[in-house]
Amino acid sequence: MDTPSKRQTLWLLLAAHLATGLVAGLFMEGSEGQRLWTIVSFIITIVLCMRWFALDARLHAYRISGPMFLCLVALLGFTAPFYFFATRRFDFWKSFLKSTLFFVILAIVSGVGASISQSIMATRR
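Note that the structure is predicted; figures quoted are calculated from it, not measured.

Undergrad: Can you break down the overall build of the protein chain residue by residue, with the values?
TA: If you tally the helices and strands in the protein chain, you get five helices and zero strands. Taken from N to C terminus, the helices and strands of the protein chain fall in the order α-α-α-α-α. In terms of overall dimensions, the protein chain has C-alpha extents of about 55 × 25 × 25 Å along its principal axes. Here the protein chain holds 125 residues, and the buried ones make up 33% of them. For the protein chain, restricting intrachain contacts to residue pairs at least 6 apart in sequence, the fraction spanning at least 24 positions comes to 65%. Put simply, the protein chain shows about 8200 Å² of open surface, and 73% of that area lies on carbon and sulfur atoms. Considering the protein chain, the positive charge centre built from 12 side chains and the negative charge centre built from 5 side chains are found 4 Å apart.

Quick look at the structure:
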């Protein structure tokens, strides 16, 4: 797989987080809808992240083992640095800093989406 496929996955991840923030702002705090949406958005995020890892592993001729895959799914934030070290030994810090920055951007985008929906809901009341 080539880099554009990885980029497309990252753009999809950003769009999903914007949508997550927008929809999350529509639900009341602690409601059933908010809990359900949290689970759905978590699953979407994991699927897109795993797609990116699979494309990246193919690009770097690395095989993600079953236990590594499960750890990436269950403990993404803690296992990702090990993945980057295994696939990019010499560019580890560069990849680690890029991924950290990307996850910070995801959080910001999600917050922007929630702020937009909250401001829309506040003007409707």
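Undergrad: Explain the environment of Arg35 to me, and be specific about the residues and the numbers.
TA: Following the sequence through the fold, Arg35 ends up in helix H2 (residues 32-59). Taking the C-alpha atoms as reference points, Arg35 and Ala24, separated by 11 residues in sequence, lie 9.3 Å from one another. A distance of 2.5 Å separates a polar atom in the side chain of Arg35 from a polar atom in the side chain of Glu32.

Undergrad: Hey, could you go over the packing of aromatic side chains for me, with residue numbers and the actual values?
TA: All chains considered together, the criterion is met by seven aromatic pairs. On the numbers, 4.8 Å between centres and 80° between planes, the contact of Phe53 with Tyr83 is edge-to-face. Taken as a pair, Phe53 in helix H2 and Tyr83 in helix H4 (residues 76-87) lie far apart in primary sequence, 30 residues in all. The two residues Phe53 and Tyr83 agree in class, both being buried. A network of ring pairs unites the aromatic residues Trp52, Phe53, Tyr62, Tyr83 and Phe84 as a single cluster.

Undergrad: Any chance you could break down the nonpolar core for me, citing the residues and the numbers?
TA: Grouped together as the largest cluster of nonpolar side chains are 20 residues, with contacts concentrated most on Leu13, Phe53, Ile64, Leu72, Tyr83 and Phe84. When residues of this core are traced back to their parent elements, those giving at least two are helix H1 (3-24), H2, helix H3 (66-74), H4 and helix H5 (92-124). The element best represented in this core is H2, accounting for seven residues. Dropping the residues within four chain positions of it, Leu72 is found in contact with Met50, Phe53, Ile64, Thr79, Ala80 and Tyr83.

The rules behind these values
Residues numbered from 1 in each chain as written. Predicted model: local features only at pLDDT ≥ 70, side-chain atom pairs only at ≥ 80, totals over all residues. Heavy atoms only, no water. Helix = DSSP H or I, 4+ residues; strand = E, 2+ residues; numbered from the N terminus. Buried < 20%, exposed > 50% of the residue type's maximum accessible area, 1.4 Å probe, protein only. Contact = heavy atoms within 4.5 Å. Areas by Shrake-Rupley, 256 points an atom, 1.4 Å probe, with all protein chains shown as cover. Lys, Arg positive; Asp, Glu negative; His and termini not counted. Charge placed at Lys NZ, Arg CZ, Asp CG, Glu CD. Polar contact = N/O pair within 3.5 Å; in protein donor to acceptor, adjacent residues only side chain to side chain. Phe/Tyr/Trp six-rings, centres within 6.5 Å; stacked < 30°, edge-to-face > 60°. Core = buried A, V, L, I, M, F, W, Y, C linked by side-chain atoms within 4.5 Å.

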